[in-house]
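The residues making up each chain are set out below.
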Amino acid sequence: MAAPTPQGALETDLARRIAETGTLGRLLRLRAAERGEAAMLVAPSRLYPAEADGLAVTSFAVMAAEAERLARALVAAGVGPGDGVGVLAGNTAVTEAHLVQYAAALAGAVLVPINPRYGDEDLDHAIALGRLRLAFAEPGLMARLQAAVRRTRGDVRCIDMAAGLAGLMADADAGRALPEVAPEAVADLIFTSGTTGRPKAVEHSHSSAVATGAIFGTALGLTPDDRHHHAVPFFTSSGVHFNPLAALWAGAAMIVEPAFDAPRILARIAERRSTVLLSVPSGFLYMLDALARAGDDTPDLSSIRLWNYGGAAMPQEAVMALARRFPDVDQRQNYGMTETGPTGTM
């Protein structure tokens with residue numbers, strides 16, 4: 001058996017910083033202290049006011065403060081360490097979904113993101129496995145969530161991600177203590193795609209989640225000057241871990257689309273001056289087609305420094321087409337799976 005490859009200076013330093021950070025709550029607090037009012041998240045929201053392009057901007061300081069407030073409200077609602085907190089939402093409520101993610105982490109609870117495209121059988125399966133104490137849903141999905149809770153005979157409080165979430169936070173007790181959370185505590189339960197059978201639930205610790213952000217943030221070369229852009233659904237491992245935690249690790253802003261729309265994404269890159277774009281390979285094929293159709297009306301994409309693709313192998317012709325059109329823009333192919341965080345290779 002071959003001997004393991006010795007760690008280099010980069011790996012040793014990264015491992016040390018991951019261990020020192022420990023939990024998602026600590027990572028959020030550290031970045032809020034460092035980055036303050038800088039934009040952390042530019043995304044659709046049900047609660048916060050949108051700018052002209054329909055996206056709300058949330059700073060590191062505001063996200064940390066709001067997550068602390070919601071965490072205290074969760075504890076007051078009876079959510080304890082290890083209890084599941086479900087989120088059934090699409091990207092139209094992704095600001096609130098990330099708020100719940102960080103609040104659950106601070107409360108020592110387990111985030112359980114649930115695919116809103118599930119049929120009833122898979123939805124019931126996810127709710128039962130998640131051991132939910134409380135669950136959030138965007139307003140249009142509340143009826144489905146409540147019906148699933150009744151079918152599974154669960155004792156789960158259901159809260160909509162608009163007025164219900166706002167009301168819960170309004171009642172938060174600023175003096176309520178939050179629990180100590182250990183790095184080895186479970187941070188989230190993420191479901192696999194279920195390609196060959198029923199979706200499986202994968203537990204990730206705080207340490208595993210932080211490591212995913214650190215590894216991919218470093219591999220992408222993200223810095224506080226970056227604006228990391230994607231349209232990945234929240235409920236996936238990339239929506240919960242890869243994208244938000246890589247950006248958070250680096251102190252970069254993250255831009256999230258409500259859904260994949262190639263012309264709209266290209267226009268948003270120009271408007272928001274995105275520097276890194278992540279998509280599945282088919283997304284890049286649609287964007288190349290949209291660029292060809294735009295002709296002389298092509299948006300200004302000069303801010304982009306990196307095209308990042310994953311989820312499948314990128315066709316060689318698409319790699320070459322991107323290289324011809326954007327010769328100064330780097331390209332990265334990443335591979336991973338839900339079970340690994342989705343840390344893999346790039």
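Up top you'll find the structure we're talking about.
Throughout what follows, the structure given in this document is the object of discussion. (Residues numbered from 1 in each chain as written. Predicted model: local features only at pLDDT ≥ 70, side-chain atom pairs only at ≥ 80, totals over all residues. Heavy atoms only, no water.)

Each helix and strand counted, the chain has 12 helices and 13 strands in total. Against the 2.2 N^0.38 benchmark of 20 Å for 346 residues, the chain shows a C-alpha radius of gyration of 20 Å, consistent with a compact globule. Counting only C-alpha atoms and orienting by the principal axes, one finds that the chain spans roughly 55 × 50 × 45 Å. By residue count, 53% of the 346 residues in the chain fall in the buried class. Sequence separation of at least 24 residues holds for 74% of the intrachain contacts in the chain that already meet a minimum separation of 6. Only carbon and sulfur atoms are counted for the fraction: they give 53% of the accessible area of the chain, which is about 14,600 Å². Of the side chains in the chain, 30 bear a positive and 37 a negative charge, and the two mean positions are spaced by 2 Å. (Helix = DSSP H or I, 4+ residues; strand = E, 2+ residues; numbered from the N terminus. Rg over C-alpha atoms; globule rule 2.2 N^0.38 Å. Buried < 20%, exposed > 50% of the residue type's maximum accessible area, 1.4 Å probe, protein only. Contact = heavy atoms within 4.5 Å. Areas by Shrake-Rupley, 256 points an atom, 1.4 Å probe, with all protein chains shown as cover. Lys, Arg positive; Asp, Glu negative; His and termini not counted. Charge placed at Lys NZ, Arg CZ, Asp CG, Glu CD.)

Right, let's talk about the side chain of T58 for a bit. Along the chain, T58 falls in strand β2 (residues 56-59). With residues up to four places along the chain from it excluded, the contact list for T58 reads A39, M40, L41, M63 and T95.

Counting 67 residues, the largest nonpolar core has L28, L70, L74, V87, Y102, F136 and L248 as its most contacted members. Top contributing element to this core by residue count: helix α4 (residues 94-107), with 10 residues. Ignoring any residue separated from it by four or fewer positions in sequence, one finds Y102 in contact with L28, M40, M63, A67, P244, L245 and L248. Counting residues in hydrophobic clusters, the runner-up holds 22 residues, among them I265, F284, M287 and L288. (Core = buried A, V, L, I, M, F, W, Y, C linked by side-chain atoms within 4.5 Å.)

Turning next to helix α5 (residues 120-130). Buried residues of α5: L123, D124, H125, A126, I127 and G130, and no others. Residues of α5 that are buried make contact with β3 (84-88), β4 (110-114), β5 (132-137), α6 (142-151) and β7 (186-191).

A separate point is the packing of helix α8 (residues 206-219) against helix α9 (residues 237-250). Taken N-terminus to C-terminus, the directions of α8 and α9 make an angle of 75 degrees; their axes are 7 Å apart at the nearest point. As far as their axial angle goes, α9 and α8 are roughly perpendicular. For the pair α8 and α9, contact is made by A209, V210, T212, G213, A214, F216, G217 and T218 and by H241, F242, L245, A246 and W249, respectively. Grouping the amino acids of the contact of α8 with α9 by side-chain chemistry returns 8 nonpolar, 5 polar and no charged. (Axes fitted to C-alpha atoms, helices over the stretch in contact; angles between N-to-C directions. Parallel < 35°, antiparallel > 145°, perpendicular 65-115°, else oblique. Nonpolar A, V, L, I, M, F, W, Y, C, P; charged D, E, K, R; others polar.)

Let's shift gears to the sheet that holds β2. Judged by pairing direction, the sheet is mixed, and its 7 strands sit side by side in the order β2-β1-β10-β9-β11-β12-β13 without closing on themselves. The open sheet has two edge strands with one neighbour each: β2 and β13 (330-334). Direction aside, the axes of adjacent strands within the sheet are offset by 15 degrees on average. In the sheet, strand β12 (residues 306-310) pairs with β13 via 5 bridges, with the strands oriented parallel. Paired with W307 across the strands is Q331, a residue of β13. Contacts from helix α11 (residues 281-294) reach β11 (276-279) and β12, with the element oriented near 115 degrees to β11. (Pairing = 2+ DSSP bridges.)

Take the packing of α5 against α6 next. For any two helices packed against each other, one specifies the inter-axial angle together with the distance between the axes. At a minimum axis distance of 9 Å, the contact between α5 and α6 shows a crossing angle of 70 degrees. One element, α5, and the other, α6, form an angle in the roughly perpendicular class. As α5 packs across α6, the resulting crossing turns out to be right-handed. Side by side, α5 and α6 meet where D120, L123, D124 and I127 of the first sit next to R144, L145, A148, V149 and R151 of the second. Here the residues of the contact of α5 with α6 sort into 5 nonpolar, no polar and 4 charged. (Left-handed = near helix turned anticlockwise from the far one by under 90°.)

Coordinates in, geometry out; function isn't part of it.
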